[in-house]
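Chain residues, written in single-letter form:
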Amino acid sequence: QVGVNQSYMTSAGWKATTKYPIVTSMSELEKCDIISYEGHVGIYIGGNQMIDASSSEGKVRITNIYSVSYWTEHFIKGCRIF
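Rules and cut-offs
Residue numbering note: each chain is counted from 1, following its sequence as written. The predicted nature of this model means local features are confined to residues of pLDDT at least 70 and side-chain atom pairs, given and counted, to a pLDDT of 80 or more, with totals for whole chains, interfaces and linings taken over all residues. As a rule here, side-chain values cover all heavy atoms of the structure and leave hydrogens and water aside. Where helices and strands are cited, they refer to DSSP runs of H or I of at least four residues and of E of at least two residues respectively, numbered from the N terminus. Exposure classes here rest on a 1.4 Å probe applied to the protein chains alone. A residue is buried below 20% of its type maximum, exposed above 50%, and partly exposed in between. It only takes one pair of heavy atoms within 4.5 Å for two residues to be counted as in contact. Values of accessible area rely on a 1.4 Å probe in the Shrake-Rupley scheme; residue burial ignores everything except the protein chains shown. Strand pairing follows a simple DSSP-based rule, namely that at least 2 bridges must link the two strands. Any Phe, Tyr or Trp ring, taking Trp's six-membered ring, that has another such ring centre within 6.5 Å forms a pair; planes under 30 degrees apart are called stacked, those over 60 apart edge-to-face, and the others tilted.

What follows deals with the overall build of the protein chain. Within the protein chain, the secondary structure is distributed over two helices and six strands. Listing each helix as α and each strand as β along the protein chain from the N terminus yields α-β-β-β-β-β-α-β. Across its three principal directions, the C-alpha atoms of the protein chain cover 30 × 25 × 25 Å. Counting across all 82 residues of the protein chain, residues that qualify as buried make up 34%. Restricting the contact set of the protein chain to residue pairs at least 6 apart, pairs at least 24 apart contribute 48%. Summed over all atoms, the accessible surface of the protein chain reaches about 5,100 Å², with 52% contributed by carbon and sulfur.

Below is the structure:
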């Protein structure tokens with residue numbers, strides 16, 4: 001409806017894509033950016049939070065991207081879809 005046609009991609013796919021503008025710092029993320037980490041993908045929702053599917057918790061959740069060192073240590077890039 002908004003003109004974006006994007007199929008499913010793993011974290012490796014998001015890491016490799018050049019289809020969208022790249023965000024190189026977590027501090028520059030904006031709402032709706034796709035966040036690519038080593039082995040994980042989330043959607044930034046603002047306020048230092050992302051929505052993601054947690055395999056260890058078995059559910060979709062909202063997580064603070066600075067609450068666990070994994071997120072800052074394994075950040076690859078953001079992709080600005082909108």
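Take the pairing of strand β4 (residues 49-54) next. Of the two faces of β4, the one holding M50, D52 and S54 is buried and the one holding Q49, I51 and A53 is not buried anywhere. Where strand β3 (residues 40-46) lies against β4, three bridges are found, and the strand directions are antiparallel. Residue pairing across strands places I43 opposite I51, the latter belonging to β4. Joining the antiparallel neighbours β3 and β4 is a turn of two residues, in which G47 adopts a positive phi near 60 degrees.

Take the pairing of strand β6 (residues 75-79) next. With respect to burial, β6 is a largely interior element, four of its five residues being buried. Taken together, the two bridges between strand β1 (residues 22-23) and β6 define a ladder with antiparallel strand orientation. Its bridge partner being in β6, I22 is matched across the sheet by C79. Examined bridge by bridge, strand β2 (residues 34-37) and β6 share four bridges and lie antiparallel to one another. Bridge pairing in β6 links Y37 to F75.

Turning our eyes to something else, we now look at the sheet that holds strand β5 (residues 59-64). Hydrogen bonds along the backbone pair up the strands of a sheet, which may run parallel or antiparallel. With respect to topology, six strands assemble into an open sheet ordered β1-β6-β2-β3-β4-β5, the strand pairing being antiparallel. Only two strands of the sheet have a single partner each, and these edge strands are β1 and β5.

Our next topic: the packing of aromatic side chains. Enumeration according to the criterion identifies four aromatic pairs in this entry. On the basis of an interplanar angle of 75 degrees and a centroid distance of 6.2 Å, the ring pair of Y37 and F75 is categorised as edge-to-face. Of this pair, Y37 sits in strand β2 while F75 sits in strand β6, and the two are 38 residues apart along the sequence. Across the pair, exposure class does not vary: Y37 and F75 are buried alike.

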